[in-house]
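# Coordinate analysis (summary)
Chain by chain, the residues run as shown.
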Amino acid sequence: MNDLKKKNGSRIVFFNSLLEVTAADWEAMARYRTELGDLFCRRCEYCQPCPPGVLITPAMLYAIVAYRMGPGKAATFAEKTMESVRLCEECGECASRCPYHLPIPETLRKHLALYDEHRREGEIPSRHKASR
Ligand code: SF4
Ligand code: SF4
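Bear in mind the structure is a predicted one, so any value in this text is a computation, not a measurement.

### Comments concerning the overall build of the protein
Helix and strand counts for the protein stand at seven helices and two strands. Within the protein, residue pairs in contact and separated by at least 24 positions form 61% of the contacts whose partners lie at least 6 positions apart.

### Some words on the packing of helix 3 (residues 62–69) against helix 7 (residues 104–122)
Interhelical geometry of helix 3 versus helix 7 gives an angle of 35° and a closest axis separation of 9 Å. Judged by residue contacts, Tyr62, Ala63 and Ala66 of helix 3 engage His111, Leu114, Tyr115 and His118 from helix 7. For the contact of helix 3 with helix 7, the class distribution of residues is five nonpolar, two polar and no charged.

### Here's the deal with helix 3
Every buried residue belonging to helix 3 is among Tyr62, Val65 and Ala66, and all of these are buried. All buried residues of helix 3 fall inside an arc of 100° around its axis, so they share one side. In this structure, helix 3 carries Tyr67 and Arg68 as exposed residues pointing more than 90 degrees from its buried face. Looking at the buried side of helix 3, the elements it contacts are helix 2 (56–60), helix 4 (71–77), helix 5 (79–84) and helix 7.

### Digging into the site of ligand 1
Near ligand 1 you find 14 residues, and of these Cys50, Val54, Cys88, Cys91 and Cys94 are the closest. When residues of the shell around ligand 1 are traced back to their parent elements, those giving at least two are helix 6 (93–97) and helix 7. Among the elements that take part in the shell around ligand 1, helix 7 stands out by supplying three residues, more than any other. Of the residues that constitute the shell around ligand 1, the class distribution is ten nonpolar, one polar and three charged.

### Examining the nonpolar core
Membership of the largest hydrophobic core comes to 20 residues, with the highest contact counts inside it found for Val54, Ile56, Ala59, Tyr62 and Ala78. Val54 has contacts with Ala59, Ser84, Val85, Leu87, Cys88 and Leu108, leaving out every residue within four places of it along the chain.

### Examining the confidence of the model for the protein
Low pLDDT means the predicted coordinates in that region are not meant to be read closely. Scored by pLDDT, the protein comes out at a mean of 86, with 80% of its residues at no less than 70. For the protein, the element scoring lowest by mean pLDDT is strand 1 (residues 5–7), at 52; helix 6 scores highest, at 98.

### Some thoughts on the site of ligand 2
The immediate surroundings of ligand 2 are formed by 14 residues, with Cys41, Cys44, Tyr46, Cys47 and Cys98 found nearest. In terms of residues, the shell around ligand 2 owes the most to one element, helix 2, which gives three residues. Taken together, the residues of the shell around ligand 2 sort by class into ten nonpolar, one polar and three charged.

Cut-off values and rules
Residues numbered from 1 in each chain as written. Chains lettered and ligands numbered in written order. Predicted model: local features only at pLDDT ≥ 70, side-chain atom pairs only at ≥ 80, totals over all residues. Helix = DSSP H or I, 4+ residues; strand = E, 2+ residues; numbered from the N terminus. Contact = placed C-beta atoms within 7 Å. Axes fitted to C-alpha atoms, helices over the stretch in contact; angles between N-to-C directions. Nonpolar A, V, L, I, M, F, W, Y, C, P; charged D, E, K, R; others polar. Buried ≥ 20, exposed ≤ 12 C-beta atoms within 10 Å, placed from the backbone. Arc of directions from axis to C-beta. Near = placed C-beta within 6 Å. Core = buried A, V, L, I, M, F, W, Y, C linked by C-beta atoms within 7 Å. pLDDT = per-residue confidence, 0-100.

Structure, rendered in structure tokens:
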């Protein structure tokens, strides 16, 4: 048994045995590093809040969500988030707060174009309208 934490005198055990990192795990990690590059959002939320109300963090993750879920599902799943991107005024406040120096307004613009493309491909009618 691997005791990782004790709380209020009672034992909390997360794993029954130590996990081994296999060669396949290392390969997968290397693949993810290549796929993600340096320009990925760490979800720290230091960029928030956005004055007009863009849901920045989930919108920064749209390309990954679409890659994982597929375009049609992602466009429906992320509709509220991505419609909020239309409120962006490109003021740059968020980018000035990002500790990873991500080009947030540009990335949001690209993700919105991708989302619109996914909606057109899937012929998905809009339910959420961003309002100022
Ligand atoms: S650049 Fe856009 S997303 Fe960023 S704070 Fe300004 S309005 Fe919000
Ligand atoms: S500050 Fe940068 S890394 Fe953190 S959530 Fe915002 S965009 Fe992502």
